[in-house]
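What follows is each chain in one-letter form.
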Amino acid sequence: MSFHRSIRPRIQRRTPPVEPIGKVTKKTPSLNVGMPQTIVKDHVNDPAMKFSFKNEADNLDKIATKNAQDVIDALLAGVSGAVRASTGNSNAGTGQSSSNKLAWAKWNDELARRKLEDEQRARGLTGMQDSLANGGYRGNADELLALIAGMDATGQTNINSNYSTGMSNIGAGFDTAQGLTNQGFSKANQYLKDNPNNPYQSFQAQNTPVQNAMSQLLASLGVSNDPVAQQVQAENVASQQSQGAANDLTSLLSANAQRNDASRLSEMQMAQQLGNAGMSTARAGYESNASNVQQRALATLLTQIQGAKFDVEQDVGTRKQTLMDAIIAAGGIIPGAPSTPLLNQPPTMIDVLKRLVNNGANGRMTYAE
Amino acid sequence: MAYDPSIYEARRRGLTDNYSATAAMRAYSQFLGRQLGQRGLVDLNTNFNQQAPRLVSSYGQRGLVGPNVRTGAFARAMQQFAQQRVRQTSEYQTGLDQQEYGYGLTNRQAETGYNASLQDMEAEKARQIQEDAQRLLRHRAGVYA
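Predicted model, so just to flag it, every value in this text is computed and none were measured.

Caption draft 1: Main features of the overall build of chain B. Within chain B, the secondary structure is distributed over two helices and two strands. By residue count, 38% of the 145 residues in chain B fall in the buried class. A sequence separation of at least 24 residues applies to 77% of the contacts in chain B between residues at least 6 apart. Carbon and sulfur atoms provide 53% of the accessible area of chain B, an area that totals close to 8,100 Å².

Structure (structure tokens):
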């Protein structure tokens with residue numbers, strides 16, 4: 001963009017007088033092409049500058065007009081000299097023409113350098129904006145998150161596998177233990193049933209009755225046997241009573257033995273039930289322990305996984321914030337955020353002139369305001 | 001202690017051997033007692049059989065008994081002699097019966113003890129198996145025990 005192309009159209013377009021606003025009533029100095037007046041009025045009419053002009057219109061008009069007058073006079077003097085030199089006007093001095101050429105060359109170099117810098121800055125800014133927009137700032141965060149997710153899945157699989165193995169072992173151990181217990185008590189019960197401990201069951205006291213061994217002798221002597229027979233009967237009754245007492249004792253011992261057998265059978269059944277109940281309780285406890293271990297392991301894994309994810313996301317957030325700060329520092333806008341038009345557009349020559357004018361006003365107003 | 005069938009078999013042999021030995025001793029003792037008792041019974045009957053003729057002869061020498069002679073004194077004496085024999089024989093025989101009952105009772109008490117020892121051992125085996133089974137379950141539970 002050359003100086004002539006950027007200045008001339010604006011000069012021609014802004015040649016018609018523009019009504020000033022506010023208290024700007026001071027007549028501007030006359031120039032050959034009326035630039036100071038149009039520039040000042042351009043500032044006044046620029047929507048981006050209205051706010052400042054409304055507040056400082058008087059001071060700006062006094063200070064900025066004078067400074068702009070001096071600067072633009074110098075610039076246009078060089079331009080006029082160059083024009084006169086090119087048209088053969090002898091009034092233009094040779095030294096002044098060389099100086100103007102040098103200034104013009106420096107100006108063009110400055111513009112080219114600035115353009116190059118602007119392009120580089122624009123490319124860098126675009127790159128940062130693209131990185132911010134497409135998530136490039138995340139780097140290998142997604143890969144790390146995928147690895148963490150894989151660790152999470154593997155960890156859960158291992159924990160659940162250990163739990164399943166433990167539960168399977170507990171169940172198999174319980175089945176085996178219960179089978180052995182039932183088998184052992186079944187054998188014992190069968191032995192008790194097959195071998196009742198009651199030796200008194202068929203035990204009876206003997207009773208040998210007495211007889212009258214002298215009955216024939218007494219009869220041959222003509223002596224009556226009646227008193228002897230009565231004695232025999234009495235003795236046999238007495239021995240039968242003795243036998244009865246012994247059998248009563250035997251019956252008592254036999255009944256006691258039967259009760260002992262029944263008690264022992266009940267004892268075995270109770271022991272079997274107690275053993276099975278104990279194993280069931282132990283199994284429930286072991287399974288509960290397995291569940292608790294599994295839950296604790298899963299909770300620990302979850303905490304570790306969440307911590308790892310948090311670290312990755314925190315790093316991503318830090319990088320994003322750093323990138324946003326860099327974009328802002330480079331004068332760019334955050335994709336998706338409200339933008340200020342002047343920040344997105346490269347400065348025009350008029351903008352440069354405005355900046356020069358404002359710099360002349362002790363920096364109280366910049367073109368960005 | 002883990003379940004070891006050989007230990008129980010050794011205990012079973014010990015119980016059986018002890019029971020068999022004591023039972024043999026009791027059987028021999030019973031045999032001797034029965035033999036001695038039978039000898040005493042035989043002696044008792046022999047003694048009464050030998051005294052009976054002398055008793056009749058003594059009453060005959062006093063003329064209280066003889067051909068066509070029958071006195072009441074002789075009859076009462078013979079009846080009392082016969083009653084005494086019955087009583088003594090009965091008491092002796094009852095004594096033998098009670099002795100036999102005592103031997104039988106002792107044998108059955110020993111058998112009861114022997115059987116009870118075997119039953120206790122079987123119950124102990126079942127309990128030991130149950131304890132070992134529970135220990136096995138604990139081992140299978142591993143770290144969850």
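Caption draft 2: Quick look at the overall build of chain A. Summing up its helical and strand segments, chain A has nine helices and zero strands in all. Starting at the N terminus and walking to the C terminus, you meet the elements of chain A as α-α-α-α-α-α-α-α-α. Surface exposure of chain A reaches about 21,900 Å², of which carbon and sulfur atoms provide 54%.

Caption draft 3: Quick peek at the side chain of Gln129(A). Residues and elements named next belong to chain A. Assignment of secondary structure puts Gln-129 in helix 4 (residues 94-134). With a relative accessible area of 17%, Gln-129 lands in the buried category. Setting aside its immediate chain neighbours within four residues, Gln-129 contacts Ile-327, Gly-332, Ile-333 and Pro-335.

Caption draft 4: Molecular detail of the nonpolar core. Counting 20 residues, the largest nonpolar core has Met214(A), Leu218(A), Leu221(A), Val223(A), Val228(A), Phe74(B) and Met78(B) as the members making the most contacts within it. Taken together, the elements giving at least two residues each to this core come down to helix 7 (226-329) of chain A together with helix 1 (5-61) and helix 2 (72-141) of chain B. Tallying contributions element by element places helix 2 of chain B first for this core, with seven residues. Those residues in contact with Phe74(B) that sit more than four places away from it in its chain are Leu221(A), Val223(A), Val56(B), Tyr59(B), Leu64(B) and Val65(B).

Caption draft 5: Representation of unusual backbone geometry within the structure. All names here are of chain B. Its identity is not glycine, yet Asn-68 carries a phi of approximately 60°, on the positive side. With respect to the helices, strands and loops of the structure, Asn-68 is situated in the loop between strand 1 (65-66) and strand 2 (69-70). Residue classification places Asn-68 among the exposed residues on the basis of a relative accessible area of 83%.

Caption draft 6: View of a nonpolar patch on the surface. A surface patch of nonpolar side chains, about 320 Å² in accessible area, is lined by Tyr28(B), Phe31(B) and Leu32(B). Overall, Phe31(B) belongs to the partly exposed group, its relative accessible area being 45%.

Caption draft 7: Structural view of the packing of helix 5 (residues 141-194) of chain A against helix 2 of chain B. Running from N to C, helix 5 of chain A and helix 2 of chain B cross one another at 180°; their axes reach a closest spacing of 8 Å. It follows that helix 5 of chain A is roughly antiparallel to helix 2 of chain B by the angle criterion. In terms of residue class, the contact of helix 5 of chain A with helix 2 of chain B is made up of 16 nonpolar, eight polar and three charged.

Caption draft 8: Focus on the interface of chain A and chain B. Each side of the interface is counted separately: chain A has 64 residues, and chain B has 48 residues. Summed over both sides, the interface of chain A with chain B buries roughly 4,800 Å², with 66% coming from carbon and sulfur. A salt bridge links Arg127(B) to Glu267(A); the nearest nitrogen and oxygen atoms lie 2.3 Å apart. Counting across the chain A and chain B interface gives 22 residue pairs in polar contact (both at pLDDT 80 or more).

Caption draft 9: Quick peek at the packing of aromatic side chains. Counted according to the given criterion, the structure contains five aromatic pairs over all chains. Centre to centre, the rings of Phe203(A) and Tyr101(B) are 5.0 Å apart; their planes meet at 20°, and the pair counts as stacked. With Phe203(A) in the loop between helix 5 and helix 6 (215-220) and Tyr101(B) in helix 2, this residue pair bridges two chains. Look at Tyr3(B) and Tyr8(B): their rings are 5.7 Å apart centre to centre, the planes differ by 25°, and that puts the pair in the stacked class. Over the ring of Tyr59(B) we find Arg62(B), and its NZ or CZ is 4.6 Å from the ring centre.

Caption draft 10: A look at the pattern of salt bridges. All names here are of chain A. What the rule picks out here adds up to 16 salt bridges over all chains. Here Arg-113 ties to Glu-117 by a salt bridge, and the two come within 2.4 Å at their closest N and O atoms. Here Glu-117 and Arg-113 lie together in helix 4, a separation of four residues that amounts to about one turn. Taking the relative accessible area as the measure of exposure, Glu-117 reaches 39% and is therefore partly exposed. Arg-319 is paired through a salt bridge with Asp-315; the nearest N and O atoms lie 3.1 Å apart. Taken together, the positions of Arg-319 and Asp-315, both in helix 7 and four residues apart, correspond to about one turn of that helix. Judged by its relative accessible area of 28%, Arg-319 is partly exposed. Asp-315 gets classed as partly exposed once you look at its relative accessible area, which sits at 40%. What you see here is one network of salt bridges that share partners, running through Glu-110, Arg-113, Arg-114 and Glu-117.

Caption draft 11: Seen up close, the side chain of Asn225(A). All names here are of chain A. Inspection of the secondary structure puts Asn-225 in the loop between helix 6 and helix 7. Reaching out from Asn-225, the side chain makes a polar contact with the side chain of Asn-212 at a distance of 3.0 Å. Within the structure, the side chain of Asn-225 is placed 3.0 Å from the backbone oxygen of Ser-215, a separation counted as a polar contact.

Caption draft 12: Region of the structure containing the confidence of the model for chain B. All names here are of chain B. Across chain B, pLDDT averages 95, with 99% of residues at or above 70. Across chain B, helix 1 holds the top mean pLDDT of 96, while strand 2 sits lowest at 84. Interface scoring of the predicted complex returns ipTM 0.90; its pTM is 0.65.

Caption draft 13: Representation of the packing of helix 1 of chain B against helix 2 of chain B. All names here are of chain B. Closest axis-to-axis distance for the helix 1/helix 2 pair is 10 Å, and the angle between their directions is 180°. Here helix 2 runs roughly antiparallel to helix 1, going by the angle between their axes. When grouped by side-chain class, the residues that make up the contact of helix 1 with helix 2 number 23 nonpolar, 19 polar and ten charged.

Rules behind the numbers
Residues numbered from 1 in each chain as written. Chains lettered and ligands numbered in written order. Predicted model: local features only at pLDDT ≥ 70, side-chain atom pairs only at ≥ 80, totals over all residues. Heavy atoms only, no water. Helix = DSSP H or I, 4+ residues; strand = E, 2+ residues; numbered from the N terminus. Buried < 20%, exposed > 50% of the residue type's maximum accessible area, 1.4 Å probe, protein only. Contact = heavy atoms within 4.5 Å. Areas by Shrake-Rupley, 256 points an atom, 1.4 Å probe, with all protein chains shown as cover. Core = buried A, V, L, I, M, F, W, Y, C linked by side-chain atoms within 4.5 Å. Patch = residues over 30% accessible without salt bridge, like charges linked within 9 Å, V, L, I, M, F, W, Y side chains within 5 Å. Salt bridge = Lys/Arg side-chain N within 4 Å of Asp/Glu carboxyl O. Axes fitted to C-alpha atoms, helices over the stretch in contact; angles between N-to-C directions. Parallel < 35°, antiparallel > 145°, perpendicular 65-115°, else oblique. Nonpolar A, V, L, I, M, F, W, Y, C, P; charged D, E, K, R; others polar. Buried area = accessible area lost by both parts, 1.4 Å probe. Polar contact = N/O pair within 3.5 Å; in protein donor to acceptor, adjacent residues only side chain to side chain. Phe/Tyr/Trp six-rings, centres within 6.5 Å; stacked < 30°, edge-to-face > 60°. Lys NZ or Arg CZ within 6 Å of the ring centre and 35° of its normal. pLDDT = per-residue confidence, 0-100.

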